[in-house]
Amino acid sequence: MSQYVLLLHSDGEAWKKLSPEEMQQKVEKYLAWRNKPFVVAGAGLVRDTGRVIRAKGDGVSVTEGPFSESAEVMGGFYTIEAADYDEAVKLSLDIPHIGLGTIEIRQVMVYNA
Amino acid sequence: MQESGSPVLLEHLFRRESGRIVAWLAGLLGSAHLQLAEDAAQEAMLRAAQSWPFEGIPQNPEAWLFRTAHNYAISSVRRGVVFNSKAEALVVALETWVQPVLDLGAEQSLRDDELRMVFMCCHPKLAPDAQVALSLKLVGGFSTEEIARIFFSEPSTIAQRLVRAKRLIREQNLTLAMPSKAHLEQRLNSVLKVIYLMFSGGYAAHSGEDLIRCDVCLEALRLGRLVAASSMSAPRVDALVALMALQAARLPARTDTTGDLVLLEEQDRKLWDEDLIALGFSYFDRSIAGTRSPNGMSRLPLHPLMQAPQIQRRSIGHPSLSTTTS
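So, how was this worked out
- Residues numbered from 1 in each chain as written.
- Chains lettered and ligands numbered in written order.
- Predicted model: local features only at pLDDT ≥ 70, side-chain atom pairs only at ≥ 80, totals over all residues.
- Helix = DSSP H or I, 4+ residues; strand = E, 2+ residues; numbered from the N terminus.
- Contact = placed C-beta atoms within 7 Å.
- Expected span 1.5 Å × (residues − 1).
- Buried ≥ 20, exposed ≤ 12 C-beta atoms within 10 Å, placed from the backbone.
- pLDDT = per-residue confidence, 0-100.
- Nonpolar A, V, L, I, M, F, W, Y, C, P; charged D, E, K, R; others polar.
- Core = buried A, V, L, I, M, F, W, Y, C linked by C-beta atoms within 7 Å.
- Pairing = 2+ DSSP bridges.
- Axes fitted to C-alpha atoms, helices over the stretch in contact; angles between N-to-C directions.
- Parallel < 35°, antiparallel > 145°, perpendicular 65-115°, else oblique.

S.K.: I'd like a description of the overall build of chain B, backed by residues and values.
M.R.: In terms of helices and strands, chain B carries 14 helices and zero strands. Secondary structure elements of chain B occur, N-terminal to C-terminal, as α-α-α-α-α-α-α-α-α-α-α-α-α-α. Counting only contacts in chain B whose residues sit at least 6 apart along the sequence, the fraction spanning at least 24 positions is 66%.

Structure (structure tokens):
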């Protein structure tokens, strides 16, 4: 078993099109998925601009986001256990996030001693 | 990530709290700032919908939503969303609310806020279709798209209707104050009419039933009960609630598994909602008791109520003996 991190990028405009009732239905589906046994961790990220640190001359520059051109912001992440990428993708398809942003899946590296 | 004892969301919590938050913030800010109240409610729902999937449901979701909307309203006013000298007064008005605890007293005051909002939405200066759309949007927490679906309209048509109505509220300075005694009766009639239009909009029979239509019926019933529980209670309010409850009780039996309509006499009565039937009876009794008092004559036709198969079932005492075709 390997661990995979799912980075959930949210499209704010798509969320705004939902009615309160639809938002609640989404929340319930997310939580049902989050309670599945293969989900080992998860955390939301505060929706602000964050900070970016870069080298600048001899020192560093600290700026506020955005980190990319896209209007999407990273809303949070989950860590899941799966055999391989195929399974990780399959397990992620039940997250009701499709249409509300994108999910980026990355395998967590493990060093074998 | 299993958690034991984690809170569960009440059915329709987001929609209900949207309406309550709008009514409550508009009460604090005044009807000139309806848009800000709506924006704050939407922002609270958005933030919940985007953080609860990760953090889980907070211990007191209602208080979380109210606090978030309140913070958003205060920071918006401070950021200068309100372009006039009244911003400071608005901040003061908002800060009168400090305790994010929804206790019993707060519940009563929220119900009053909702009632005032319903009565404003039914102001005679607003057209009847605007009254219905506004009530569903501001008090019911339905979205423009959902209202359009209920009334088979285009979302742009409903959006326009809402924008015009809100502009009229601003320009004509319609307030959330209850009408004076002289106008109260007339306004109550208008409120009852809007509630009934709302109910029949949701109840209108057609194939391919949409859950949202059932929700509208139950929202109309809820508003009816809100009025019935207030100081404006009257036999005709009770009669309307009884009528809606008895009709709504049949909703689960009205369509078959394929979504096709089922005629009343062919409906499976085991699917009728017993709680709603009992509720309907109790309001029916209340309205009858009230009409016997000197000034309480019901102006709503009780005829359809007398035809309700549930009523017949009770008076006859056996379900199979009831042969109504209504």
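S.K.: Give me helix H10 (residues 211–228) of chain B: which residues, what numbers.
M.R.: Along an α-helix, residues three or four positions apart point the same way, because every turn accommodates 3.6 residues. Between its first and last C-alpha atoms H10(B) spans 26 Å; for 18 residues at 1.5 Å apiece the expected length is 26 Å, and the two agree. Here H10(B) has its buried residues at B:Val216, B:Cys217, B:Glu219, B:Ala220, B:Leu221, B:Leu223, B:Gly224, B:Leu226 and B:Val227.

S.K.: Got a sec to walk through the confidence of the model for chain A? Specific residues and values, please.
M.R.: Looking at chain A as a whole, the pLDDT averages 90, with 94% of positions reaching at least 70. Of all secondary-structure elements in chain A, the lowest mean pLDDT belongs to strand S3 (residues 51–56) of chain A, at 88, while helix H3 (residues 85–92) of chain A reaches the highest, 96.

S.K.: If you had to explain the interface of chain B and chain A to someone new, which residues and values would you point to?
M.R.: Across the contact, 24 residues belong to chain B and 22 residues belong to chain A. Mapped onto the side of chain B that touches chain A, the elements with two or more residues apiece are helix H1 (13–29), helix H2 (34–55) and helix H7 (144–150) of chain B. A total of ten residues in the side of chain B that touches chain A trace back to one element, the largest contributor, which is H2(B). Split into classes, the residues belonging to the side of chain B that touches chain A amount to twelve nonpolar, eight polar and four charged.

S.K.: Pulling in residues and values, what's your account of the nonpolar core?
M.R.: As a rule of thumb, soluble globular proteins bury nonpolar side chains together. Formed by 90 residues in total, the largest nonpolar core has its most connected members in B:Ile21, B:Leu25, B:Ala40, B:Ala69 and B:Ala245. In terms of residue count, the dominant contributor to this core is H2(B) (eleven residues). The next biggest cluster of nonpolar side chains, apart from the first, holds seven residues, and it includes A:Tyr4, A:Leu8, A:Tyr78 and A:Leu91.

S.K.: Which residues make up the pairing of S3(A), and what values do they have?
M.R.: Residue and element names in this part refer to chain A. Of all the six residues making up S3, zero are buried; the element is thus mostly uncovered. Where S3 meets strand S4 (residues 59–64), six bridges bridge the pair, whose relative direction is antiparallel. Directly across from Ala-55, in S4, lies its bridge partner Val-60.

S.K.: Run through the confidence of the model for chain B, naming residues and quoting values.
M.R.: All names here are of chain B. Mean pLDDT for chain B: 83, with 81% of residues reaching 70 or above. For chain B, the element scoring lowest by mean pLDDT is helix H14 (residues 309–316), at 47; helix H8 (residues 155–171) scores highest, at 95. Within the model, pLDDT remains below 50 along residues 293–299, and this stretch shows eleven contacts once partners closer than five positions in the same chain are excluded. Among the scores for the predicted complex, ipTM is 0.88 and pTM is 0.84.

S.K.: Can you tell me about the packing of helix H6 (residues 128–139) of chain B against helix H9 (residues 181–203) of chain B, naming the residues and giving the values?
M.R.: The relative placement of two packed helices comes down to the angle between their axes together with the axis-to-axis distance. Residues and elements named next belong to chain B. Between H6 and H9, the shortest axis-to-axis distance is 9 Å and the interhelical angle comes to 75 degrees. Here H6 lies roughly perpendicular to H9, going by the angle between them. For the pair H6 and H9, contact is made by Pro-128, Gln-131, Val-132, Ser-135 and Leu-136 and by Val-194, Leu-197, Met-198 and Gly-201, respectively. Its residues assigned to classes, the contact of H6 with H9 shows six nonpolar, three polar and no charged.

S.K.: Break down the sheet that holds strand S6 (residues 101–107) of chain A for me, with residues and values.
M.R.: With respect to topology, four strands assemble into an open sheet ordered S2-S5-S1-S6 (chain A), the strand pairing being antiparallel. Both outer strands of the open sheet, strand S2 (39–44) and S6 of chain A, are each paired with one neighbouring strand and no more. In this sheet, adjacent strand axes meet at a mean angle of 15 degrees when their direction is disregarded. Two elements, strand S1 (residues 2–10) of chain A and strand S5 (residues 73–82) of chain A, share nine bridges in a ladder whose sense is antiparallel. Across the sheet, A:Ser2 pairs through a bridge with A:Ala82, a residue of S5(A). Packed onto the sheet, H2(B) meets S1, S2 and S5 of chain A and runs at close to 145 degrees relative to S2(A).

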